[in-house]
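Residue-level structure breakdown
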Amino acid sequence: MEKHEGPGAPAVRIDDPWYDALASGWGEPADAEAPDGEGAHGAVGPGDVPRQQRVRSAADIYLEVQRSAAFQEVRGRYRRFVIPAVLAFLLWYLAYVVAATAAPGLMALPVVGVINVAMLAGLGQFLSTFLLTWAYARHARLRRDRAALELRWDTQEMTRGMQR
């Protein structure tokens, strides 16, 4: 969209549905409206609808779900697994890199034949990646998937009811 200035420039309409559409309603509490029916800033605008006639928007539904105890539990379970797993994996990776650069003599020690400590640690990186992926998938399946699916179903039902 081009910006036109001057006397012949078209004005932006206040009731334009695309004007600030993404920001409207996000982060504002559902009861941010004044008791006398005025908007959140104390003025009645062209798009203001009395509270009785308002239909819950998708943003309201998603904010309600996000604030729910079930959603917070799913997020908590996710964080309780992912944060320690990421930290452990990064420490393991950094230990491998630091050992490879700071202690080349240690990494060059032969273990069996031509296989040395560096090769075993490098293969251990691959093994730990696969083990972490397996552990994450198992944790998600056993501890989060069912609750997340129920939340998704409830959210879809709420948004479906909004469209009726």
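Quantities reported herein were computed from a predicted structural model and do not represent experimental measurements.

What counts and what doesn't
Residues numbered from 1 in each chain as written. Predicted model: local features only at pLDDT ≥ 70, side-chain atom pairs only at ≥ 80, totals over all residues. Heavy atoms only, no water. pLDDT = per-residue confidence, 0-100. Helix = DSSP H or I, 4+ residues; strand = E, 2+ residues; numbered from the N terminus. Contact = heavy atoms within 4.5 Å. Axes fitted to C-alpha atoms, helices over the stretch in contact; angles between N-to-C directions. Parallel < 35°, antiparallel > 145°, perpendicular 65-115°, else oblique. Nonpolar A, V, L, I, M, F, W, Y, C, P; charged D, E, K, R; others polar. Patch = residues over 30% accessible without salt bridge, like charges linked within 9 Å, V, L, I, M, F, W, Y side chains within 5 Å. Areas by Shrake-Rupley, 256 points an atom, 1.4 Å probe, with all protein chains shown as cover. Salt bridge = Lys/Arg side-chain N within 4 Å of Asp/Glu carboxyl O. Buried < 20%, exposed > 50% of the residue type's maximum accessible area, 1.4 Å probe, protein only.

**Thoughts on the confidence of the model for the protein**
Summing up the model confidence of the protein, the mean pLDDT is 78 and the portion of residues at 70 or higher is 65%. The least confident element of the protein, judged by mean pLDDT, is helix α1 (residues 58-67) at 88; the most confident is helix α2 (residues 69-102) at 95. A low-confidence stretch, residues 16-28 (pLDDT under 50), is modelled with 6 contacts involving residues beyond four sequence positions or located in other chains. In the model, residues 30-42 has pLDDT below 50 throughout and makes 12 contacts with residues more than four positions away in sequence or in other chains.

**Points about the packing of α1 against α2**
Where α1 contacts α2, the axes come no closer than 5 Å and their chain directions differ by 60°. Taken together, α1 and α2 sit at an angle that is classed as oblique. Along its contact with α1, which presents Val65, Gln66 and Arg67, the element α2 presents Ala69, Phe71 and Gln72. Partitioned by chemical class, the residues of the contact of α1 with α2 number 3 nonpolar, 2 polar and 1 charged.

**Quick notes on the environment of Met162**
If you trace the backbone, Met162 turns up in helix α4 (residues 117-163). Taking the C-alpha atoms as reference points, Met162 and Ala58, 104 residues apart in sequence, are found 7.7 Å from one another.

**Here we look at a nonpolar patch on the surface**
A contiguous nonpolar patch, built from Val111, Val112, Val114, Ile115, Met119, Leu120, Leu123, Phe126 and Phe130 and spanning about 940 Å² of accessible area, is present on the exposed surface. When residues of the nonpolar patch are traced back to their parent elements, those giving at least two are β1 (110-112) and α4. Sort the elements by how many residues they give to the nonpolar patch and α4 lands first, with 5 residues. Here Val112 shows up in strand β1.

**Quick look at the pattern of salt bridges**
Where charged atoms from two side chains of opposite charge come close, those side chains can pair. Using the criterion set out here, one finds 3 salt bridges in the structure. The partner of Glu73 in a salt bridge is Arg77, with the nearest N and O atoms 3.0 Å apart. Of this pair, Glu73 and Arg77 both sit in helix α2, 4 residues apart, which is roughly one turn of the helix. The class of Arg77 is partly exposed, set by a relative accessible area of 29%. Note that Arg80 and Glu73 form a salt bridge whose closest N and O atoms lie 3.4 Å from each other. The partly exposed category is assigned to Glu73, whose relative accessible area is 36%.

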